[in-house]
Amino acid sequence: MAPRDRPRTAGDRRGRGPAVTARPRGPAPSGEVRIIGGRWRRSRLPVGQAPGLRPTPDRVRETLFNWLGQDLTGCRCVDAFAGSGALGFEAASRGAAEVVLIERVPALLAALRANAARLGAQGVRIVGGDALAALAALPAGVWDVVFLDPPFDDARHGGERVYAAALQAAARLLRPGGLVYLEAPRAWAPDEVAALGWHLHRHLRAGAVHAHLLQAADNPAP
């Protein structure tokens, strides 16, 4: 998935226009996330309870999937710090053929499994355990998008090591032209991500959230 002003997707190549994104009508209530586009648009999913849980806001998700081209038909995606599953379920709703959700907190893991069953999400696989260990166990070089949204408290306590380790783990997974979405409590400058082998393609700030779209500098689109 080579980054462009609007990256082309499998749907684009077949001549179909991008799916229309539903405009959220106000924020979802606390304890829920809402899918904003695709076949499950406007579906509200209960969220498990865990300290520090912070689902990616609707505005940020809408912008992210605009960056990705809306239609993810045929793509393979990993949501490495799944939490509420908002990113992974959104990708599956927009046609991703395979989505792996990784989560270590038992209450959140149970909620992810219940929501996958509720949606009938056959292409979604849920993995329990440490995100970095789970990433290391996935096959290399076949994934289109890896979502990295570590808990902000963990990131602060672990310093930049959390992000550096996650980006290193993600790099081996991507196919040529694959993309990483990185969500963080601060902006990562182009020279910082370049030092880790990445090109910063997009950045958005929404309140306390900084959203970044990255491409591996040594793994360009074919």
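Coordinates for the structure precede this section.
Let me begin by describing the structure that accompanies this report. Keep in mind that this is a model prediction, so the values were computed, not measured. (Residues numbered from 1 in each chain as written. Predicted model: local features only at pLDDT ≥ 70, side-chain atom pairs only at ≥ 80, totals over all residues. Heavy atoms only, no water.)

## Comments concerning the overall build of the protein chain
Then comes step 1: Regarding its fold elements, the protein chain presents eight helices and nine strands.
Then comes step 2: A separation of at least 24 residues holds for 66% of the contacts in the protein chain among residues at least 6 apart in sequence. (Helix = DSSP H or I, 4+ residues; strand = E, 2+ residues; numbered from the N terminus. Contact = heavy atoms within 4.5 Å.)

## Considerations on the packing of aromatic side chains
Then comes step 1: Applying the stated rule across the entire model yields three aromatic pairs.
Then comes step 2: Arranged with centres 6.1 Å apart and planes meeting at 40°, the rings of Phe65 and Phe147 form a pair that is tilted. Highlighted residues: Phe65 in helix H2 (residues 58-67) and Phe147 in strand E6 (residues 143-148), separated in sequence by 82 residues.
Then comes step 3: A relative accessible area of 0% places Phe65 in the buried class.
Then comes step 4: Here the aromatic cluster, defined as three or more aromatic residues joined through ring pairs, consists of Phe65, Phe147 and Tyr181.
Then comes step 5: Lying across the ring of Trp143, Arg76 places its NZ or CZ 4.5 Å from the centre.
Then comes step 6: Here the guanidinium or amino end of Arg186 rests over the ring plane of Trp188, the centre of that ring lying 4.7 Å away. (Phe/Tyr/Trp six-rings, centres within 6.5 Å; stacked < 30°, edge-to-face > 60°. Buried < 20%, exposed > 50% of the residue type's maximum accessible area, 1.4 Å probe, protein only. Lys NZ or Arg CZ within 6 Å of the ring centre and 35° of its normal.)

## Observations regarding the sheet that holds strand E7 (residues 174-184)
Then comes step 1: If you walk across this open sheet you meet the seven strands as E5-E4-E3-E6-E7-E9-E8, and the pairing is mixed. The open sheet has two edge strands, strand E5 (124-128) and strand E8 (198-206), and neither has a second partner. Strand-to-strand twist of the sheet, defined as the mean angle between neighbouring strand axes without regard to direction, takes the value 15°.
Then comes step 2: Sheet analysis places E7 next to strand E9 (residues 209-216), joined by six bridges and oriented antiparallel. Residue pairing for E9: Val180 is matched across the bridge by Leu214. (Pairing = 2+ DSSP bridges. Axes fitted to C-alpha atoms, helices over the stretch in contact; angles between N-to-C directions.)

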